[in-house]
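Letter by letter, the chains look like this.
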Amino acid sequence: MALTEVLERIRRAETEAGRPSESVNLVAVSKQQPIERVRAALESGHRRFGENRVQEAQSKWPALRAEFSDLTLHLLGPLQTNKVKAAVTLFDVIESVDRDRLAVKLAEESQAQGRAPSLFIQVNTGEEAQKAGISPAETDAFVNQCLRVYDLPIIGLMAIPPADEPPAPHFALLAKLADRNGLSQVSMGMSADFEIAISLGATSVRVGSAVFGARPKVETASPAENEP
Ligand SMILES: *Cc1c(COP(=O)(O)O)cnc(C)c1O
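The structure displayed is predicted, hence computed values, not measured ones.

(A) Local environment of the overall build of the protein. Broken down by element type, the protein carries 10 helices and eight strands. The C-alpha extent of the protein, read off along each of the three principal axes, is 60 × 45 × 35 Å. The buried share of the protein, reckoned over its 228 residues, is 46%. Long-range pairs, those at least 24 residues apart, make up 58% of the contacts in the protein with a sequence separation of at least 6.

In structure tokens form, the structure reads like this:
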């Protein structure tokens, strides 16, 4: 299956980069995928998945977790403060910490629930106006604030490079920022570029369509299409 092939490509990229085997985690991005594809991956033994929306994840993962209790679930998409409670309950890793208010809320909610997901800070390496993430220039101060002031379990940095630029300089920048802040985890690389990310130090790649196939188009109900 495609999952096996992606895992083989990851192992090959690790070797080519002179990195230990299994030093890179595969987060299989299951957003918008039919549940049968997700189930097939679970049944083949994969246990690490990523979703980008809290609500969608809530609708499918609690049932799957009852069956596969050892799975690890990552939140990859933007997190609104009114969804923090649900996110802390459901996810094991939250990769999209990108502002002070969210960090404060995560600290409060982790305390309240006695459950603290591991966190990545999202960096907007391309400084794109429409994209979430802290700017590279503010990253050191924000990491420090989260670790020392809010006492949050920040384990790494995450980025989504601009779609219309070569990703390598963005990957290199993210790895540099992580290293400079003493963070061991770097989440970068998707279906189109995960091998490049691994060559530049990714410890976690987030791969959706290469694992599960293209995401089905969301149906926009049009009366004409419903006619026989
Ligand atoms: C959807 C998504 C991915 C996976 O994208 P593919 O191109 O399907 O591999 C990775 N990271 C984030 C944040 C995403 O939203």
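(B) Highlighting the site of the ligand. In the vicinity of the ligand, the residues found are Val29, Lys31, Asn52, Leu76, Ile160, Met190, Ser191, Arg206, Val207, Gly208, Ser209 and Arg215. Taking serine 191, its side chain carries an N or O atom lying 2.5 Å from an oxygen atom of the ligand. Arginine 215 is positioned with one of its side-chain polar atoms (N or O) 2.8 Å from an oxygen atom of the ligand. Relative to its free-state accessible area of 390 Å², the ligand is covered by the protein chains to the extent of 88%. The class makeup of the residues in the shell around the ligand is five nonpolar, four polar and three charged.

(C) Representation of the nonpolar core. Ranked by size, the top nonpolar core spans 60 residues in total, and within it Trp61 and Leu106 carry the most contacts. Considering each element in turn, this core owes the most residues, five residues, to helix H7 (residues 168-180). Once you skip the residues sitting within four places of it in the chain, leucine 106 turns out to touch Leu79, Val84, Val88, Ile94, Val97, Leu119 and Leu152.

(D) Examining the confidence of the model for the protein more closely. When pLDDT is averaged across the protein, the result is 95; 95% of the residues are at 70 or more. Ignoring residues within four places in sequence, the model shows residues 222-228, a span with pLDDT below 50, making one contact including any to other chains.

(E) Spatial organisation of the pattern of salt bridges. For the structure shown, the criterion picks out 12 salt bridges. Between glutamate 43 and arginine 39 there is a salt bridge, with the nearest N and O atoms lying 3.7 Å from each other. Here the residue glutamate 43 and the residue arginine 39 both occupy positions in helix H2 (residues 35-43), the gap between them amounting to four residues, near one helical turn. Judged by relative accessible area, arginine 39 falls into the partly exposed class, the value being 27%. Between glutamate 51 and lysine 60 there is a salt bridge, with the nearest N and O atoms lying 3.0 Å from each other. A single burial state applies to glutamate 51 and to lysine 60, both of which are buried.

Rules used in this analysis
- Residues numbered from 1 in each chain as written.
- Predicted model: local features only at pLDDT ≥ 70, side-chain atom pairs only at ≥ 80, totals over all residues.
- Heavy atoms only, no water.
- Helix = DSSP H or I, 4+ residues; strand = E, 2+ residues; numbered from the N terminus.
- Buried < 20%, exposed > 50% of the residue type's maximum accessible area, 1.4 Å probe, protein only.
- Contact = heavy atoms within 4.5 Å.
- Near = heavy atom within 4 Å.
- Polar contact = N/O pair within 3.5 Å; in protein donor to acceptor, adjacent residues only side chain to side chain.
- Areas by Shrake-Rupley, 256 points an atom, 1.4 Å probe, with all protein chains shown as cover.
- Nonpolar A, V, L, I, M, F, W, Y, C, P; charged D, E, K, R; others polar.
- Core = buried A, V, L, I, M, F, W, Y, C linked by side-chain atoms within 4.5 Å.
- pLDDT = per-residue confidence, 0-100.
- Salt bridge = Lys/Arg side-chain N within 4 Å of Asp/Glu carboxyl O.

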